[in-house]
Each structure stands twice: as structure tokens, then as C-alpha cells.
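Now for the letters of each chain:
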Amino acid sequence: ELAQAFRVAGMSFDAKTVGEVFDKADTDQSGTIDFKEFLKLSDILSGRVKAPVAPPPRDDAQTAALRKAFKTYDKDSSGSITKIELAQAFR
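To start, this report covers the structure provided alongside it. (Residues numbered from 1 in each chain as written. Predicted model: local features only at pLDDT ≥ 70, side-chain atom pairs only at ≥ 80, totals over all residues. Heavy atoms only, no water.)

Glancing now at the overall build of the protein chain. Along its length, the protein chain carries five helices and two strands. Start at the N end of the protein chain and walk to the C end: the helices and strands fall as α-α-β-α-α-β-α. Counting across all 91 residues of the protein chain, residues that qualify as buried make up 34%. In the protein chain, 58% of the contacts between residues at least 6 apart in sequence involve partners at least 24 apart. When the accessible area of the protein chain is evaluated, it comes to approximately 5800 Å², of which 55% is carbon and sulfur surface. (Helix = DSSP H or I, 4+ residues; strand = E, 2+ residues; numbered from the N terminus. Buried < 20%, exposed > 50% of the residue type's maximum accessible area, 1.4 Å probe, protein only. Contact = heavy atoms within 4.5 Å. Areas by Shrake-Rupley, 256 points an atom, 1.4 Å probe, with all protein chains shown as cover.)

Printed below as a string of C-alpha cells:
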């Protein structure tokens, strides 16, 4: 799970930070995050976005793990995650 992995690494996110990151990842400004935007969210949170050199592409196992996390957070199975669902994931 994405949130658990960050907690284990000693990283925690308050509601304000989750909201700010959500807004950065919600590139189409729909108020929800689809899977493509979720990948961007994971890049922002993991620091891949700030890397001085482009990070290597994700392998199939990494993408599958992120898809599993996405489905876990998408509580209503709508195919997107709301800000509330994301905040609940980081509690």
C-alpha cells in the first residue's frame, strides 16, 4: 500500500499536504484522480518528479502494485479517487 510504504519510510502527510499534492496530481482539474493521475501522485510523493535525471520507467510489478493500491483507495469503484478517499488512505 502506498500510504503504508510512506509511513514505514518515516514520511507522513497532514490534510493540507494531501490536498496540495492531490491538486498537483489532478491535472484535468476534475476534482478526482484517475489511475494516470495516481501514477503522477506517486511520483510526486516519492520524489521521482524532482529527480535530477529522469527516473527509470516503472516495471510491470511496480505498475501492478500501484494499480492494486489505487483500487484499494477507490472505495466506490468509480475509477477515480476523490480528495476525501485519498485523505482517508493517509490516516
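Scanning the model with the defined rule gives three salt bridges in all. Taking the shortest distance from any N to any O, the salt bridge between Lys-83 and Asp-23 comes out at 3.0 Å. Placement of Lys-83 in helix H5 (residues 83-89) and of Asp-23 in helix H2 (residues 15-25) is noted, with a sequence separation of 60 residues between them. Take Lys-83: its relative accessible area is 36%, and that puts it in the partly exposed class. On the basis of relative accessible area, Asp-23 is assigned to the partly exposed category, the value being 46%. Notably, a salt bridge pairs Asp-43 with Arg-58, separated by 2.3 Å at the nearest N-O pair. Of this pair, Asp-43 sits in helix H3 (residues 35-46) while Arg-58 sits in the loop between H3 and helix H4 (60-73), and the two are 15 residues apart along the sequence. Arg-58 sits in the partly exposed class, given a relative accessible area of 23%. (Salt bridge = Lys/Arg side-chain N within 4 Å of Asp/Glu carboxyl O.)

The next thing to look at is the packing of H2 against H3. Look at H2 against H3: their axes get within 9 Å of each other, and the N-to-C directions meet at 130°. As the angle between them shows, H2 and H3 are arranged oblique. When the axes of H2 and H3 are compared, the crossing they make is right-handed. Mapping the contact onto sequence places Val-21, Phe-22, Lys-24 and Ala-25 in H2 and Glu-37, Lys-40, Leu-41, Ile-44 and Leu-45 in H3. Its residues placed into classes, the contact of H2 with H3 shows six nonpolar, no polar and three charged. (Axes fitted to C-alpha atoms, helices over the stretch in contact; angles between N-to-C directions. Parallel < 35°, antiparallel > 145°, perpendicular 65-115°, else oblique. Left-handed = near helix turned anticlockwise from the far one by under 90°. Nonpolar A, V, L, I, M, F, W, Y, C, P; charged D, E, K, R; others polar.)

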